[in-house]
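Residue-level structural notes
One letter stands for each residue in the lines below.
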Amino acid sequence: MDKPKKEPIALHNRQDYRLCLNCGFPNRQADTACLYCNTSLVEDTGFLSWLKQSYYILRWRYQLRQKRENLKRGGRSMSWGKGLGYFGLGIVLSFSGVYFFSHSISENSFSTGLIALLLLGYGVFTLRGLFRNKE
């Protein structure tokens, strides 16, 4: 078989490649579209293209800064809706565990008691994880 005419470019040897602004994939200088995401690599000149590229760069820097702040905090921030959902889930699991545990004691049912302890444990651990100190 013949060797293909286009050999892969070794990125560490030569710097004749272009990064895609959309996905960051390295492309050859001769390519007009990204080989990975098919985004146009043709550089437009003018004020609007400069403004668009500046916007993308600033947005990328903002997202990178947010990821670093989340890593420093440990990624423990939670929205109010999500916190309310976890609180409701913990309460429902805890109360259902208490109900099944009292029902298992009155009927002397071992399997219902095990299920009740499992539900109660999940409810308590959900609430504990929600109200735990997040330092």
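All residue numbers here refer to positions counted from 1 along the written sequence of the relevant chain. In keeping with the predicted nature of the model, local features appear solely for residues at pLDDT of at least 70, side-chain atom pairs appear and are counted solely at 80 or more, and the whole-chain, interface and lining totals rest on all residues. Only hydrogens and water are removed before side-chain values are computed, so all heavy atoms of the structure are retained for them.

1. Let's talk about the overall build of the protein
Our working rule: Numbering of helices and strands runs from the N terminus; a helix is a DSSP stretch of H or I covering at least four residues, while a strand is a stretch of E covering at least two. Burial classes follow relative accessibility: with a 1.4 Å probe on protein chains only, a residue under 20% of its type's maximum area counts as buried, one over 50% as exposed, and anything between as partly exposed. Any two residues whose heavy atoms approach within 4.5 Å at even a single point are treated as in contact. Each accessible area value is a Shrake-Rupley result obtained with a 1.4 Å probe; residue values ignore everything except the protein chains displayed when judging cover.
Each helix and strand in the protein was counted, giving three helices and two strands. Going from the N terminus to the C terminus, the protein shows its helices and strands as β-β-α-α-α. Buried positions account for 16% of the 135 residues belonging to the protein. Relative to all contacts within the protein whose residues are 6 or more apart in sequence, the contacts with residues 24 or more apart total 30%. Of the accessible surface of the protein, which amounts to about 11600 Å², a share of 61% is contributed by carbon and sulfur atoms.

2. Observations concerning helix α3 (residues 110-131)
As a reminder of what qualifies: Take the number of residues in a helix, subtract one, and multiply by 1.5 Å to get its expected span. What the arc describes is the spread of directions from the helix axis to the C-beta atoms.
Taking 1.5 Å per residue, 22 residues should reach 32 Å; α3 reaches 32 Å between its end C-alpha atoms and fits that length. Among the residues of α3, Thr-112, Gly-113, Ala-116, Leu-119, Gly-123, Thr-126, Leu-127 and Leu-130 are the ones counted as buried. Take α3 and look down its axis: the buried residues cluster within an arc of 155°, on one side only. Exposed residues on α3 whose side chains face more than 90 degrees from its buried face are Phe-110 and Phe-125.

3. Side note on the packing of helix α2 (residues 80-107) against α3
The criterion, for reference: To obtain each axis, a line is fitted to C-alpha atoms, and for helices this fit is confined to the stretch in contact; angles are then taken between N-to-C directions over 0 to 180 degrees. What sets the label is the angle itself: under 35 degrees gives roughly parallel, over 145 gives roughly antiparallel, 65 to 115 gives roughly perpendicular, and the rest give oblique. Here a crossing is taken to be left-handed if its near helix is turned anticlockwise relative to the far helix by less than a right angle, and right-handed if that turn runs clockwise. Gly falls in the polar group here, along with every residue not listed as nonpolar (Ala, Val, Leu, Ile, Met, Phe, Trp, Tyr, Cys, Pro) or charged (Asp, Glu, Lys, Arg).
Between α2 and α3, the least distance of the axes is 7 Å, while the angle of their chain directions is 155°. If you check the angle between α2 and α3, you find them roughly antiparallel. Between α2 and α3 lies a crossing whose hand is left-handed. Each residue belonging to the contact of α2 with α3 can be placed in one class, and the counts come to 16 nonpolar, ten polar and no charged.

4. Here's the deal with unusual backbone geometry
Its identity is not glycine, yet Asn-38 carries a phi of approximately 60°, on the positive side. Along the chain, Asn-38 turns up in the loop between β2 (26-28) and α1 (47-73). Non-glycine residue Asn-108 carries a positive phi angle of around 55°. By the secondary structure assignment, Asn-108 is in the loop between α2 and α3.

5. Quick word on a nonpolar patch on the surface
The condition is simple: A residue counts toward a patch only above 30% relative accessible area and without a salt bridge, and it is joined to like-charged neighbours within 9 Å or, for Val, Leu, Ile, Met, Phe, Trp and Tyr, to nonpolar neighbours within 5 Å. When a carboxyl oxygen of Asp or Glu lies within 4 Å of a side-chain nitrogen of Lys or Arg, that pair is called a salt bridge.
A cluster of nonpolar side chains, Phe-101, Ile-105, Phe-110, Leu-114 and Leu-117, forms an exposed patch at the surface whose accessible area comes to about 530 Å². Counting only elements with at least two residues in the nonpolar patch, the list comes to α2 and α3. No other element matches α3, which puts three residues into the nonpolar patch. As for its placement among the helices and strands, Ile-105 is situated in helix α2.

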